[in-house]
Structures are given as structure tokens and as C-alpha cells.
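Structural overview
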Amino acid sequence: MKKALVLGLLLMPAMLWAQQIEKLQKGVSQNDTKAMITLAERYQCVAVDSAKAYSLYQKAMELGNADAKAHVARYLLYYSGIQRDTAQALRLCQQAADEGSLYGLYRLGRAYLNGYGVACDTAKAYKLIIQAAESGDPAATGYMASEYYYGFPGNEPDKDKGVAYALKADALGEYGSSEILFFYYFFDCKGWRFIVGDDNHFKTKGGKFIHYERWNFEKYAKANDLEWFDCIPPEHVKWLRQ
């Protein structure tokens with residue numbers, strides 16, 4: 001029988017973080033737009049400083065970076081403290097896609113999916129997102145990992161394909177698909193099996209388990225259909241025990 005460990009998260013050492021920031025700041029001072037985007041992502045996801053991140057995306061956009069246009073569009077749609085402008089967001093996504101940005105293509109697909117600045121068109125939305133994913137965009141690949149795994153309009157759930165996309169997204173550096181890998185990913189090393197488990201689910205009174213990334217709190221709260229938070233679906237517990 002193989003021994004098993006459940007892994008938690010590791011924090012980036014402060015020294016490594018400081019070194020990365022210093023290197024990226026040097027690139028920013030030299031008008032390196034890729035450094036600007038990478039540094040913006042660090043501020044957005046690790047340091048949680050949306051204002052700094054948005055400023056860097058804007059600067060990269062002004063210097064002609066197509067991906068930056070799509071990032072600015074995302075801020076115009078989703079971030080508090082920034083005036084929402086769906087029409088401008090759509091224009092930026094379209095421009096980014098026209099200029100060859102796969103991330104722009106993905107964001108354009110999301111705009112059509114949600115009806116941001118344009119009439120909702122699910123078929124066109126998934127066509128654009130899948131095109132971006134199959135062309136190697138990390139964000140689109142991670143997004144489609146979840147869609148294939150859970151199913152989307154016209155497509156039944158395909159867990160194997162979802163996990164395959166999640167592994168591809170992970171290899172591309174996109175961690176948004178970790179929702180899937182967290183409760184189904186494992187690897188063997190020197191007689192040990194390392195397993196990652198995720199308890200970020202809530203349970204409805206009807207017995208349905210939904211991951212936090214896919215829930216609509218207001219919908220279930222208004223229907224008085226919330227039974228429990230921070231739980232692991234029974235099939236995941238069974239899998240972990242095995």
C-alpha cells in the first residue's frame with residue numbers, strides 16, 4: 001500500500017519575491033511592456049494592489065502592447081474603484097484580438113458570453129474562447145478546463161478532457177484551473193503518493209456540492225437552499241481515502 005500525504009500551499013519566500021519585483025521594476029523603467037504585465041499580475045494576485053496593477057496595464061497599453069488592452073478591458077468590467085465601461089471594454093478586447101492577442105481573443109469571447117457591450121451570443125463566445133485555448137492562451141485553457149469538466153451549453157461534462165486541459169493550463173502557468181487539480185491531482189514519488197485536496201465547496205439542501213468559483217450566493221441564499229460551507233464532496237473524500 002502506498003503512503004499518502006495531503007499537501008497545503010507553500011508561500012513564496014520574501015527574499016525571492018523582493019528579487020523578482022526588483023528585476024521586473026528594472027524592466028518597467030526600460031519600457032519593457034512584458035515586464036509591466038508580469039509585475040501587474042504580481043501586484044494583482046500576490047500583493048493585492050489593484051491600483052498599481054491597473055496603472056501598469058495602462059502604461060503597457062499606451063506603449064502598444066495588445067495583451068495589455070485586454071487586461072485594461074477586464075478592469076473596466078470587474079474592478080471596484082474603476083468606472084465600469086462595457087462599451088470601451090468590448091472595443092479594447094476586439095482591438096487586442098485583431099492585433100493577434102490570444103488573451104484578447106479569450107476576453108472577447110467572455111464579453112460575448114456575458115453580454116458585455118454586445119448582445120449575448122453563447123455559440124460565438126465558446127468558439128472564440130476555444131480558439132484561444134487551442135492556440136495556447138493560458139487563461140482560455142484554464143477556463144475551458146472548468147467548462148469541459150462541468151459541462152457547458154451543448155456539451156455534457158467530460159472530466160477526462162477537463163483534467164487534461166487543467167494540466168495543460170497548469171503547465172502554461174495558469175493557476176485558475178487549480179480548482180480541478182486540487183481535488184483530482186496526485187503524483188507518485190519514491191513510494192509516496194502526494195495528493196492535493198480542496199474543501200472549497202458548499203452544500204445545498206438538495207445534496208448538491210458546488211465549488212465556490214462556480215456558485216451564485218444570492219441565488220441559493222434567496223432560495224434558502226444553503227446547508228453547509230467549506231466541505232468536500234463525498235466522492236472526493238472517497239478518492240482521497242483510496
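Residues numbered from 1 in each chain as written. Predicted model: local features only at pLDDT ≥ 70, side-chain atom pairs only at ≥ 80, totals over all residues. Heavy atoms only, no water.

Structural notes on the nonpolar core
Selection rule: Remark: nonpolar core denotes a set of buried residues (Ala, Val, Leu, Ile, Met, Phe, Trp, Tyr, Cys) joined through side-chain atoms within 4.5 Å. Here's how the labels work: a residue is buried when its accessible area is under 20% of the maximum for its type, exposed when over 50%, partly exposed in between, all with a 1.4 Å probe on protein chains only. A contact between two residues is defined here by any heavy atoms of the two lying within 4.5 Å.
Ranked by size, the top nonpolar core spans 52 residues in total, and within it Tyr106 and Met144 carry the most contacts. Discounting residues that sit within four places of it in the chain, Tyr106 has contacts with Ile129, Ala132, Asp137, Ala139, Ala140 and Tyr143.

Some remarks on the packing of helix H4 (residues 66-78) against helix H5 (residues 86-98)
In helix packing, the relevant descriptors are the interaxial angle and the interaxial distance, both defined with respect to the helix axes. Short version of the rule: Convention adopted: a line fitted to C-alpha atoms gives each axis, helices being fitted over their contacting stretch, and angles between N-to-C directions are expressed from 0 to 180 degrees. A run of DSSP states H or I qualifies as a helix once it reaches four residues; a run of E qualifies as a strand once it reaches two. Both are numbered from the N-terminal end. Oblique is the label for every angle not falling under 35 degrees (roughly parallel), over 145 degrees (roughly antiparallel), or within 65 to 115 degrees (roughly perpendicular). Left-handed is the label given to a crossing in which the near helix is rotated counterclockwise from the far helix by less than a right angle, and right-handed is the label when the rotation is clockwise. Nonpolar residues are Ala, Val, Leu, Ile, Met, Phe, Trp, Tyr, Cys and Pro. Charged residues are Asp, Glu, Lys and Arg, and all others, Gly as well, are polar.
The geometry of H4 relative to H5 is characterised by a closest axis approach of 8 Å and an angle of 160° between their N-to-C directions. Our classification of the angle between H4 and H5 gives roughly antiparallel. Crossing geometry of H4 relative to H5 is assigned as left-handed. For the pair H4 and H5, the contacting residues are Ala66, Lys69, Ala70, Val72, Ala73, Leu76 and Leu77 in the first and Thr86, Gln88, Ala89, Leu92, Cys93, Gln95 and Ala96 in the second. Considered class by class, the residues forming the contact of H4 with H5 number ten nonpolar, three polar and one charged.

Details of unusual backbone geometry
Positive phi, normally seen in glycine, also occurs at Asn31, with a value near 60°. With respect to the secondary-structure elements, Asn31 resides in the loop between helix H1 (14-29) and helix H2 (33-45). On the basis of relative accessibility, which here comes to 44%, the residue Asn31 falls in the partly exposed class.

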